[in-house]
Amino acid sequence: MIRKSLGAAGVFLVMLIFASAAVTPAQAQVLLDKYIADSKAEPGYSGPSVERGRAFFFASHAGGKADTPSCTSCHAKDLTRPGQARAGKPIEPMALSVVPTRYTDPANVEKWFKRNCVDVLGRECSAAEKADVLAFLLSS
């Protein structure tokens, strides 16, 4: 009897882990698809890249505010950990595996891309940059 209970609990745990790791919110995928479609107008863009998104997220950029040269100025380098805005406000972890609802509101995602890109780059991000970064974040 105990063996059956442990077996059922084990199966449930495996299913829970698999489900949380394998699910990409449909809304996030729709937004990623929009960025990909918009990127096709950009010369030389060959589709989203998790590696380019990772490099962009962790790189220091010029042109933006001096106290926010990179995404990691506010967002933690470990995406499973919370970040902190320059004003001291906590920021939820960026990892989809930790906050499954993180990228489910396209208007909110777009709002923060706009604000953060201007702070970090001194301009809005291109659709290709958004596609790469979102592909990276959705893989976390």
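Scroll up to find the structure this text is about.
So, a few notes on the structure that sits alongside this text. In this text the structure is predicted, and so the values were computed from the model without any measurement.

A tally of helices and strands in the chain yields five helices and two strands. Listing the helices and strands of the chain from first to last along the sequence gives α-α-α-β-β-α-α. Of the contacts formed within the chain by residues at least 6 apart in sequence, a portion of 56% connects residues at least 24 apart. With the model as given, the accessible surface of the chain reaches about 8,600 Å², and the carbon-plus-sulfur share is 63%.

Next up on the list: the packing of aromatic side chains. Summed over the entire model, instances satisfying the criterion amount to four aromatic pairs. For the ring pair Phe57 and Phe58, a centre distance of 5.3 Å and an interplane angle of 80 degrees mean the geometry is edge-to-face. A relative accessible area of 33% means that Phe58 is categorised as partly exposed. Counting every residue linked through ring pairs, the aromatic cluster contains Phe57, Phe58 and Phe136. Its end group placed over the ring of Trp112, Arg115 keeps NZ or CZ at 4.9 Å from the ring centre.

Next up on the list: the layout of surface pockets. Here the largest pocket defines a volume of roughly 760 Å³. In this structure, the largest pocket is lined by 30 residues; those nearest its centre are His75, Ile91, Arg102, Trp112 and Asn116. Going through the elements one at a time, α3 (50–58), β2 (90–91), α4 (106–121) and α5 (127–138) are the ones with two or more residues in the lining of the largest pocket. By residue number, the principal contributor to the lining of the largest pocket is α4, which donates eight residues. Partitioned by chemical class, the residues of the lining of the largest pocket number 17 nonpolar, six polar and seven charged.

With that settled, the discussion passes to the environment of Ser97. Here Ser97 shows up in the loop between β2 and α4. For Ser97, a relative accessible area of 40% gives the class partly exposed.

A word on α3. Looking only at α3, the buried set comprises Gly53, Phe56 and Phe57. One face of α3 carries all of its buried residues, which in axial projection span an arc of 100 degrees. If you follow the buried residues of α3, they end up packed against α4 and α5. The N-cap of α3, judged by a side-chain oxygen 3.3 Å from the amide nitrogen of Glu51 a few residues on, is Ser49.

Should the charged atoms of two oppositely charged side chains come close, the side chains can pair. Applying the stated criterion across every chain yields a total of seven salt bridges. A salt bridge links Asp132 to Arg52; the shortest N-O distance between them is 2.8 Å. With Asp132 in helix α5 and Arg52 in helix α3, this pair connects stretches of sequence that are 80 residues apart. Overall, the relative accessible area of 37% leaves Arg52 in the partly exposed class.

Turning to the packing of helix α2 (residues 26–39) against α4, a few remarks are in order. Interhelical geometry of α2 versus α4 gives an angle of 50 degrees and a closest axis separation of 9 Å. Comparing the axis directions of α2 and α4 gives the class oblique. Of the residues in α4, those touching α2 at Gln27, Leu31 and Tyr35 are Pro106, Val109, Glu110 and Phe113. Tallied by class, the residues present in the contact of α2 with α4 amount to five nonpolar, one polar and one charged.

About the thresholds
Residues numbered from 1 in each chain as written. Predicted model: local features only at pLDDT ≥ 70, side-chain atom pairs only at ≥ 80, totals over all residues. Heavy atoms only, no water. Helix = DSSP H or I, 4+ residues; strand = E, 2+ residues; numbered from the N terminus. Contact = heavy atoms within 4.5 Å. Areas by Shrake-Rupley, 256 points an atom, 1.4 Å probe, with all protein chains shown as cover. Phe/Tyr/Trp six-rings, centres within 6.5 Å; stacked < 30°, edge-to-face > 60°. Buried < 20%, exposed > 50% of the residue type's maximum accessible area, 1.4 Å probe, protein only. Lys NZ or Arg CZ within 6 Å of the ring centre and 35° of its normal. 1 Å grid on protein atoms, 1.4 Å probe; cavity = no way out; pocket = protein on both sides within 12 Å on 5 of 7 lines; lining within 4 Å. Points joined across faces, edges and corners; volume = space filled by probe spheres on them. Nonpolar A, V, L, I, M, F, W, Y, C, P; charged D, E, K, R; others polar. Arc of directions from axis to C-beta. Polar contact = N/O pair within 3.5 Å; in protein donor to acceptor, adjacent residues only side chain to side chain. Salt bridge = Lys/Arg side-chain N within 4 Å of Asp/Glu carboxyl O. Axes fitted to C-alpha atoms, helices over the stretch in contact; angles between N-to-C directions. Parallel < 35°, antiparallel > 145°, perpendicular 65-115°, else oblique.

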